[in-house]
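# Structure at a glance
Chain by chain, the residues run as shown.
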Amino acid sequence: SDFESNIIVDADDSAPVLMKNLMIRREPNTFFRTAGEDMPAKAYCGIYLKRGLLQLQKSHMINENGGCLLVKNESRAEIQGNILSGSSGNAIFVNGTHTSVLVENNEIYGATGNGIEITEGKATISGNKIFNCDKCGIMLYKSEGCVIKKNYIFRNGFSGIEANTVKDQVEIFENRIFENSRSGIFSQNRSDLMITNNIICNNVEANIISKHSAKLKLENNRISSGGSSGLFIMDNCEVHAEGNEFSSNRNYGIEIYSSALYGKNNVLKNNKKCGLQITHHATGYFKNNQLIDNGVGGSQWSNQSSSPNEFEYADNEESSYSRRGGAGGPGSYNRDAGNEEGRSNRRESRRYHDGGSPARERSGERRRYSRSRSHSGSRGRYYRGNAETREKYNSHSQSKSRSRVRSRSRENNKTRGSQ
């Protein structure tokens, strides 16, 4: 065999092979593989499914000498409720056309490769926690139509999900993808992704990156706090975005470079540089969106395309109630805001710049005055309340100070007279 394994399954697929409540551990050696490379002459894994239908349930596999599970040769596997940890390589590796797996409700972590890699196979990946892997949480390479749903994918060394040259559309929905060391989702080389109802945030690079003629459809996602942009698309990609929220990203909400964007009914807010950035040759349209409080200088969008007339920007609502110095920065609120939130912020700002605060305003005049006297310290230290109270107290303090001076002067004169 080309594979040295704890367990090899080679069976007729008319009846499943059930494995349950196993503890499999293999000590360290060397085996590592990345997408697109040939298998080494001798590979190691915990379970090698050569042929048949495997059901693996409620087991714990630790393989420091290779992957935990290898599925090949048109086999099928149902991997449910397991812990797969510490593998030297990919924790689950599916390799071969017409190979199919269900990966459901597992914990997969600590792999030196990818948490799950699907190469030329088909997979449904649902309800898993995939984290702390050295490469991607999930890697799809020439896969044949995969579904990724309701997973937590976080703190992996590369992207949370990477799709490279996939053959059919990949459905990605209702996942939480965060704190990965590159992007949340990375798509390239004509891959086709449908991304719906996900929370994608706090990834070190852009939350979603699409390159090299990839195609994306984004609907109803919350994409925030990316280390670069919320969505970055380049090199002849096509992206349809509807009903998404892009917020608080370090550079742009959406950044387009030589690609096509068709966006409507999205919200872009509190992105640091601007909401929408268009560069080089971009085409498409951006209609009926809301752009709120983007950009340090209030810049909601920027078109630096070499052919600006080929991109239609129309019927979008722009508003700003940002603080001076950029969204969330220190200073007074912008008085151009026309909504109730802006008016409320302006009222609070006036209280702040008058020397008071919301807490002081609520405390009451008498309580504030008595507190100021008790904490006033030595004479000559004036209270910094609002204008009316400050005038009352400072006048009172100055009067007391003059009275003390006169009293001391009389006492000194008496002392000299007695001498």
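Residues numbered from 1 in each chain as written. Predicted model: local features only at pLDDT ≥ 70, side-chain atom pairs only at ≥ 80, totals over all residues. Heavy atoms only, no water.

## Side note on the overall build of the protein chain
What the protein chain contains, in helices and strands, is four helices and 37 strands. Burial analysis of the protein chain (419 residues in total) assigns 49% to the buried set. By element, 42% of the accessible surface of the protein chain is carried by carbon and sulfur atoms, the whole surface being about 20100 Å². (Helix = DSSP H or I, 4+ residues; strand = E, 2+ residues; numbered from the N terminus. Buried < 20%, exposed > 50% of the residue type's maximum accessible area, 1.4 Å probe, protein only. Areas by Shrake-Rupley, 256 points an atom, 1.4 Å probe, with all protein chains shown as cover.)

## What to know about unusual backbone geometry
Located in the positive-phi region is N132, a residue other than glycine, with phi close to 55 degrees. Its location among the elements puts N132 in the loop between β13 (129-131) and β14 (138-141). For N132, a relative accessible area of 41% corresponds to the partly exposed category. In this model, D293 sits at a positive phi of 55 degrees, which is unusual for a non-glycine residue. Position of D293 relative to the elements: it lies in the loop between β34 (290-292) and β35 (301-305).

## Details of the pairing of strand β20 (residues 185-188)
Of the two faces of β20, the one lined by I185 and S187 and the one lined by F186 and Q188 are each fully buried. Where β20 lies against strand β23 (residues 208-211), four bridges are found, and the strand directions are parallel. Looking at β23, one finds that F186 is bridged to I209. (Pairing = 2+ DSSP bridges.)

## Brief notes about the confidence of the model for the protein chain
Model confidence for the protein chain is summarised by a mean pLDDT of 79, while 71% of its residues fall at 70 or above. Between residues 29-42, whose pLDDT stays under 50, and residues either more than four places distant or in other chains, the model counts 33 contacts. The model gives residues 322-385 a pLDDT under 50, and that stretch makes 87 contacts with residues more than four places away or in other chains. (pLDDT = per-residue confidence, 0-100. Contact = heavy atoms within 4.5 Å.)

## Section: the pattern of salt bridges
Across all of its chains, the model carries five salt bridges by this definition. Note that E179 is salt-bridged to R155, the shortest N-O span being 2.7 Å. Placement of E179 in the loop between β19 (176-178) and β20 and of R155 in the loop between β16 (152-154) and β17 (161-164) is noted, with a sequence separation of 24 residues between them. Owing to a relative accessible area of 45%, R155 belongs among the partly exposed residues under this scheme. (Salt bridge = Lys/Arg side-chain N within 4 Å of Asp/Glu carboxyl O.)

## Let's talk about the nonpolar core
In globular proteins that are soluble, nonpolar side chains generally tend to be buried together. Of all hydrophobic cores here, the largest spans 62 residues; its most connected members are I47, I185, I254, I256, L261, L276 and F286. Excluding residues that lie within four positions of it along the chain, I256 makes contacts with I233, L261, L276, Q277, I278, T279, A282 and F311. If you look at the next biggest cluster of nonpolar residues, it comprises five residues, including F186, I209, F232 and M234. (Core = buried A, V, L, I, M, F, W, Y, C linked by side-chain atoms within 4.5 Å.)

## Here we look at the side chain of E144
Inspection of the secondary structure assignment puts E144 in the loop between β14 and β15 (147-149). The side chain of E144 is buried and forms no salt bridge, while K167, the nearest opposite charge, is found at 4.1 Å. Polar side-chain contacts of E144 include one of 3.5 Å to the backbone nitrogen of H98. Setting aside chain neighbours within four positions, we find E144 in contact with T97, H98, E120, G121, K122, K167 and D168. (Lys, Arg positive; Asp, Glu negative; His and termini not counted. Polar contact = N/O pair within 3.5 Å; in protein donor to acceptor, adjacent residues only side chain to side chain.)

## Re the side chain of S75
Position of S75 among the secondary structure elements: in the loop between β7 (67-72) and β8 (76-80). Not counting residues up to four positions away in its chain, the partners in contact with S75 are L49, K50, R51, G52, H98, T99 and S100.

## Things to note about the environment of L18
You can see L18 is positioned in strand β2 (residues 17-20). Beyond its immediate stretch of four places on either side in the chain, L18 contacts Q55 and Q57.

## Here's the deal with the pairing of strand β12 (residues 116-126)
The side chains of a regular strand alternate, residue by residue, between the two faces of the sheet. Taking burial as the measure, the 11 residues of β12 include eight buried ones, the bulk of the element. Pairing geometry for strand β10 (residues 92-104) and β12, over 10 bridges, is parallel. Paired with I92 across the two strands is I116, which belongs to β12. Here four bridges tie β12 to β14, and the two strands are oriented parallel to one another. In the sheet register, T119 faces β14, and the bridge partner there is Y141. Sheet topology note: the β12/β15 ladder contains three bridges and is parallel. Residue pairing in the sheet places S126 in a bridge with K149 of β15.

## Re the environment of R176
Its place among the elements puts R176 in strand β19. In contact with R176, other than residues within four places in its own chain, are N151, Y152, I153 and I199.

## Remarks on the packing of aromatic side chains
This model, assessed by the stated rule, comprises six aromatic pairs. For the pair Y262 and Y285, a centre-to-centre distance of 5.3 Å together with 70 degrees between the ring planes defines the contact as edge-to-face. Highlighted residues: Y262 in strand β30 (residues 260-264) and Y285 in strand β33 (residues 283-287), separated in sequence by 23 residues. One aromatic cluster in this structure is built from Y109, F131, F154 and F178. (Phe/Tyr/Trp six-rings, centres within 6.5 Å; stacked < 30°, edge-to-face > 60°.)

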